[in-house]
Amino acid sequence: MCGCSALVAGGRPPPSSIPLRLRRRRGSSVRAEVSPGGESERKKVAVAGAGWAGLAAAHHLVKQGYDVTLLAAENGPTEEVGLRGFWHPYRNIFALVDELGISPFTGWNKAAYYSPEGLTVEFPIFHNQPRLPAPFGVFAYPEFPNLPLIDRLTSIPVIAAVIDFDNTDTAWRKYDSMTARELFKMYGCSQRLYREVFEPAIQAALFAPGEQCSAAATLGMLYYYMLSHQENSDFLLCRGDVEGKFFSPWLQSLEMEGLKFVPNKVPSSLTIDTDSGCISAIVCGDEIYKADAFVSAMGLSSLQSIVKNSPFLWSHREFANLLHLSTVDVISIKLWLDKKITIPNVANVCPGFDDSSGWTFFDLTSIYDDYYEEPMTVVEYNASRLITLSDDDIVSEASLHLIKCIQDFEGATVIQKSVKRSPKSVINFLPGSYKYTPRGSTSFPNLFIAGDWIVNRHGSFSKEKAYVTGLEAANRMVDYFGTGDFAKIIAVEGDEPHIETLRSLSRRANELKSQIPFSEFFLQ
């Protein structure tokens, strides 16, 4: 869809005189030779987790001829909690859509931010605007009905931090020690700009207020979705539940190619082969699933539970570190209201009202095919709190918040509701958490991790990152067994020339600074 080159590409194997391990390290595709007795034995792989990451890993491994079992905690694949939209830079997911031949999306959509005082920002469809050099389009085209120009201008110094943050390990360690709020304060952001623009963006994407979020995670998120290219702020929405519009046809295609899908299986522990030092099985209650290799595509809290139930994992640092990380509860509420309500934008972001955390709401009547002709209004409300309240109290509080944003909600009666609680479903990117967050490989040679919460260098976020890490896990599996082609992973669009130049200068300045005598003497 985006016509960009692949980050990792398959190809023909190099000459057989080159050792197999070296061939794999050079990024070429490799295939197992057929044994004298017939076809080589298919390697068995178990993938735990049926979200974007698990499906991506299973998708590629099945196509490479592996015997894949996909374990799902529910009765079908489940959309991972995160940003609802499918943003312009989701190149790998859009390529998957083309491969599957499905049409699950709406057109490009507009979004708005609200505060207790009303509408604060309305974002256009940036595709319809002349492209300006980054990040000027994001600042020039949105409408700010009540935010003074002087407040908006205080965002300019923050660009220095965005330029300095280049998604390297050094940059993450540098900015992960401070909170997002400390970062914006240090660069002179006005209180009103932070409260009405940056704070809602942080809460919508990272599910926590700025004083609880790492500055590194915040900078990475802002650059990816807003500041790298103006079109990156544009997003599509699914015209129905992702499980039905996207995951079901995807799973059906994989089952037709030989995938074994096992629903309602919650992994509780792992077992180890002490002779080989490899993982030998995933335990789900009373059932044991043995395989030659494994992909954990579960959320953080699920993997933490496995670590607690598998004592041999405690001696491995990357698993012991998981217990230092924390998670956030998320709740999703769907409300059917008895009248048509005019909602100017389908996607809306709101900071905390009444000292609560931020939340979002979507006009499903304008998004879902099933609701478009209904003589009512259907909205979805998402928040990272309220989970301990009763359903009726949750609906009451959500209704009060909606009225503060759009007056037309007043007088509407909730005639049906659906409340979905997702406890401990999202990683909390607390300051200092980066050093405890795992990578895709582990100290067990046949165990790999995927998900939107792990560390990788692709530079994406949310669904796209989960999908990419699933492909990366599949590639590690191909490398481990020496069988199959590597998945093609489309890279994030590169920096615009002026940003690339500024980043190069920033790196050089940091290198020179590190060479100054006593540079490591002072507290960083």
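Residues numbered from 1 in each chain as written. Predicted model: local features only at pLDDT ≥ 70, side-chain atom pairs only at ≥ 80, totals over all residues. Heavy atoms only, no water.

Taking an unreviewed UniProt entry as the reference, the chain is identified by name as Amine oxidase domain-containing protein belonging to Panicum virgatum.

Colleague: Explain the sheet that holds strand E10 (residues 278–284) to me, please; I cannot follow it from the model alone.
Modeller: Within a sheet, adjacent strands bond to each other through the backbone by hydrogen bonds, running parallel or antiparallel. Strand order in the open sheet formed by three strands is E9-E10-E11, and the pairing between neighbours is antiparallel. One side of each edge strand has no neighbouring strand; the edge strands of this open sheet are strand E9 (269–273) and strand E11 (287–290). Averaged over all pairs of adjacent strands, the angle between their axes in this sheet comes to 30°, without regard to strand direction. Here E9 runs beside E10; their pairing, made up of five bridges, is antiparallel. What sits directly across from Ser-269, in E10, is Val-283. (Pairing = 2+ DSSP bridges. Helix = DSSP H or I, 4+ residues; strand = E, 2+ residues; numbered from the N terminus. Axes fitted to C-alpha atoms, helices over the stretch in contact; angles between N-to-C directions.)

Colleague: Explanation requested: the pairing of strand E3 (residues 67–71) in the structure shown.
Modeller: Successive side chains on a regular strand alternate, one facing one side of the sheet and the next facing the other. Along E3, five of the five residues are buried, which leaves the element largely enclosed by surrounding structure. Pairing of strand E2 (residues 44–48) with E3 involves five bridges; the strand directions are parallel. Bridging from a neighbouring strand, Val-47 pairs with Leu-70 of E3. Between the parallel elements E2 and E3, the chain passes through helix H2 (residues 52–63) in a crossover that is right-handed. The sheet contact formed by E3 and strand E8 (residues 260–262) spans three bridges and is parallel. Along E8, the bridge assignment pairs Thr-69 with Lys-260. (Buried < 20%, exposed > 50% of the residue type's maximum accessible area, 1.4 Å probe, protein only. Right-handed = clockwise from strand over helix to strand, strands pointing away.)

Colleague: Whenever I open this one, the packing of aromatic side chains confuses me. Can you help?
Modeller: Ring pairs (aromatic) are described by centroid distance and by the angle formed between their planes. In total, this model carries 38 aromatic pairs according to the counting rule given. Measuring from ring centre to ring centre gives 6.4 Å for Tyr-224 and Phe-461, while their planes differ by 35°; the resulting arrangement is tilted. In this pair, Tyr-224 is assigned in helix H10 (residues 215–227) and Phe-461 in the loop between strand E18 (447–449) and helix H16 (462–481), connecting sequence segments 237 residues apart. There is no split in this pair, since Tyr-224 and Phe-461 are both buried. (Phe/Tyr/Trp six-rings, centres within 6.5 Å; stacked < 30°, edge-to-face > 60°.)

Colleague: Could you clarify how one ought to interpret the environment of Val-62 in this entry?
Modeller: Within the secondary structure layout, Val-62 lies in helix H2. Between the C-alpha atoms of Val-62 and Val-45, which are 17 residues apart in sequence, the distance is 9.5 Å. Not counting chain neighbours up to four residues away, the residues in contact with Val-62 comprise Val-68, Leu-254, Glu-257 and Leu-259. (Contact = heavy atoms within 4.5 Å.)

Colleague: How should I be thinking about the side chain of Asn-348 in this particular structure?
Modeller: Examined against the element boundaries, Asn-348 turns out to sit in strand E14 (residues 347–350). Residue classification places Asn-348 among the buried residues on the basis of a relative accessible area of 1%. A polar contact of 2.9 Å, which involves the side chain of Asn-348, links it to the backbone oxygen of Asn-345. Those residues in contact with Asn-348, other than ones at most four positions away along the chain, are Ala-112, Tyr-114, Ile-343, Trp-359, Thr-360 and Phe-361. (Polar contact = N/O pair within 3.5 Å; in protein donor to acceptor, adjacent residues only side chain to side chain.)

Colleague: I would appreciate a short explanation of the pattern of salt bridges in the present structure.
Modeller: Pairing between side chains of opposite charge can happen when the charged atoms of each approach one another. Taken as a whole and assessed by the stated rule, the structure comprises 26 salt bridges. Glu-231 is the partner of Arg-131 in a salt bridge, and the nearest nitrogen-oxygen pair spans 3.2 Å. With a gap of 100 residues between them, Arg-131 in the loop between strand E6 (118–123) and helix H4 (136–140) and Glu-231 in the loop between H10 and strand E7 (235–236) connect regions that are remote in the sequence. With relative accessibility at 14%, the residue Glu-231 sits in the buried group. The closest approach of N and O atoms between Glu-287 and Lys-265, which form a salt bridge, is 2.4 Å. Of this pair, Glu-287 sits in strand E11 while Lys-265 sits in the loop between E8 and E9, and the two are 22 residues apart along the sequence. (Salt bridge = Lys/Arg side-chain N within 4 Å of Asp/Glu carboxyl O.)

Colleague: For this particular structure, what's the right way to read the sheet that holds E2?
Modeller: Strand order in the open sheet formed by five strands is E8-E3-E2-E12-E18, with parallel pairing between adjacent strands. This sheet does not close on itself; its edge strands, each paired only once, are E8 and E18. Averaged over neighbouring strand pairs, the angle between their axes works out to 20° when direction is ignored. Sheet strands in contact with H2 are E2, E3 and strand E12 (293–296), and its direction is about 165° off that of E3. Each of E2, E12 and E18 is contacted by H16, which is oriented at about 165° to E12, the strand it contacts most.

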